[in-house]
Amino acid sequence: QVQLVESGGGLVQAGGSLRLSCAASGRTFSSYAMGWFRQAPGKEREFVAAINWSGGITYYTDSVKGRFTISRDNAKNTVYLQMNSLKPEDTAVYYCAAVRTTGIVTMSSSYDYWGQGTQVTVSS
């Protein structure tokens, strides 16, 4: 079992930055690929970014490329999402997710563990 706890959300003006953190329980964090997803009101949950077990491979949805950076610190059992140049359309609840695999995963249905989410609100 893996428990995930997100933090770092909040209210920020357009153009600002936030860094989300996702702390994982357990001693096998480095065995898991990690992902960030988001869900805006009235919309389906969508993929944002993913990272493989070592941090050597990352993948982003087109709308956040060049603005968001996913990273991980396996010694701290934590994955991060640095969000810069935020836009009002980035407003959503952001979730981190984990799946035990050596690859990289972008489909939400493939993830086994989810955090409770953290709200990000970007004002115009």
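The shown structure was predicted, so the numbers you read here are calculated from the model rather than taken from an experiment.

Student: Go over the sheet that holds strand S8 (residues 78-83) with me, naming the residues and quoting the values.
Tutor: The strand order across the open sheet formed by four strands is S1-S3-S8-S7, and the pairing between neighbours is antiparallel. Only two strands of the sheet have a single neighbouring strand rather than two, namely strand S1 (4-7) and strand S7 (68-73). Here the average twist between neighbouring strands, direction ignored, is 15 degrees. One ladder, built from six bridges, connects S7 with S8; its direction is antiparallel. Following the sheet pairing, Thr69 is matched in S8 by Gln82.

Student: Lay out the side chain of Thr118 with the relevant residues and their values.
Tutor: Tracing the sequence through the fold places Thr118 in strand S11 (residues 118-123). For Thr118, a relative accessible area of 11% corresponds to the buried category. Of the polar contacts made by the side chain of Thr118, one reaches the backbone nitrogen of Gly9; its length is 3.2 Å.

Student: Can you tell me about the pairing of strand S4 (residues 32-39), naming the residues and giving the values?
Tutor: Successive residues of a regular strand alternate their side chains across the two faces of the sheet. Within S4, seven of the eight residues are buried, leaving the element largely enclosed by the surrounding structure. Pairing between S4 and strand S9 (residues 92-100): eight bridges, direction antiparallel. Within S9, the position partnered with Ala33 by the bridge is Val99. Bridge count for S4 against strand S5 (residues 46-51) is five bridges, and the pairing is antiparallel. Bridge assignment links Phe37 to a residue of S5, and that residue is Phe47. Between S4 and the antiparallel strand that follows it, S5, lie six residues; Gly42 among them carries a positive phi value of about 75 degrees.

Student: Go over the nonpolar core with me, naming the residues and quoting the values.
Tutor: Ranked by size, the top nonpolar core spans 29 residues in total, and within it Met34, Trp36, Leu81, Met83 and Tyr94 carry the most contacts. For this core, the elements supplying multiple residues, two or more each, are strand S3 (18-24), S4, S5, S7, S8, S9 and S11. Formed by eight residues, the second largest nonpolar core is a distinct cluster that contains Ala50, Val99, Val105 and Tyr111.

Student: How would you sum up a nonpolar patch on the surface? Please name residues and give values.
Tutor: Together, Ile57, Tyr59 and Ile104 make up a nonpolar patch on the protein surface, roughly 270 Å² of accessible area in all. Relative to the elements of secondary structure, Tyr59 occurs in strand S6 (residues 58-60).

Student: Can you tell me about the pattern of salt bridges, naming the residues and giving the values?
Tutor: This structure, assessed with the given rule, holds four salt bridges. One salt bridge connects Arg67 with Asp90, and the closest N-O pair in it is separated by 2.8 Å. Placement of the pair is Arg67 in the loop between S6 and S7 and Asp90 in the loop between S8 and S9, with a sequence separation of 23 residues. Assigned by exposure class, Arg67 and Asp90 land together as buried. Taken together, the shared-partner salt bridges connect Arg38, Glu46, Arg67 and Asp90 into one network.

Student: Go over the packing of aromatic side chains with me, naming the residues and quoting the values.
Tutor: Taken as a whole and assessed by the stated rule, the structure comprises six aromatic pairs. Ring geometry for Phe37 against Tyr111: centres 5.3 Å apart, planes inclined by 80 degrees, an arrangement best described as edge-to-face. Here Phe37, found in strand S4, pairs with Tyr111, found in the loop between S9 and strand S10 (113-114); they are 74 residues apart in sequence, far enough to count as distant. With respect to burial, Phe37 and Tyr111 carry one shared label: buried. Every member of this aromatic cluster is reached through a ring pair, and the members are Phe37, Phe47, Tyr59, Tyr111 and Trp114. Of note, Arg45 hangs over the ring of Trp114, and the distance from its end group to the ring centre comes to 4.5 Å. Over the ring of Phe29 we find Arg72, and its NZ or CZ is 4.4 Å from the ring centre.

Quick notes on the rules
Residues numbered from 1 in each chain as written. Predicted model: local features only at pLDDT ≥ 70, side-chain atom pairs only at ≥ 80, totals over all residues. Heavy atoms only, no water. Pairing = 2+ DSSP bridges. Helix = DSSP H or I, 4+ residues; strand = E, 2+ residues; numbered from the N terminus. Axes fitted to C-alpha atoms, helices over the stretch in contact; angles between N-to-C directions. Buried < 20%, exposed > 50% of the residue type's maximum accessible area, 1.4 Å probe, protein only. Polar contact = N/O pair within 3.5 Å; in protein donor to acceptor, adjacent residues only side chain to side chain. Core = buried A, V, L, I, M, F, W, Y, C linked by side-chain atoms within 4.5 Å. Patch = residues over 30% accessible without salt bridge, like charges linked within 9 Å, V, L, I, M, F, W, Y side chains within 5 Å. Areas by Shrake-Rupley, 256 points an atom, 1.4 Å probe, with all protein chains shown as cover. Salt bridge = Lys/Arg side-chain N within 4 Å of Asp/Glu carboxyl O. Phe/Tyr/Trp six-rings, centres within 6.5 Å; stacked < 30°, edge-to-face > 60°. Lys NZ or Arg CZ within 6 Å of the ring centre and 35° of its normal.

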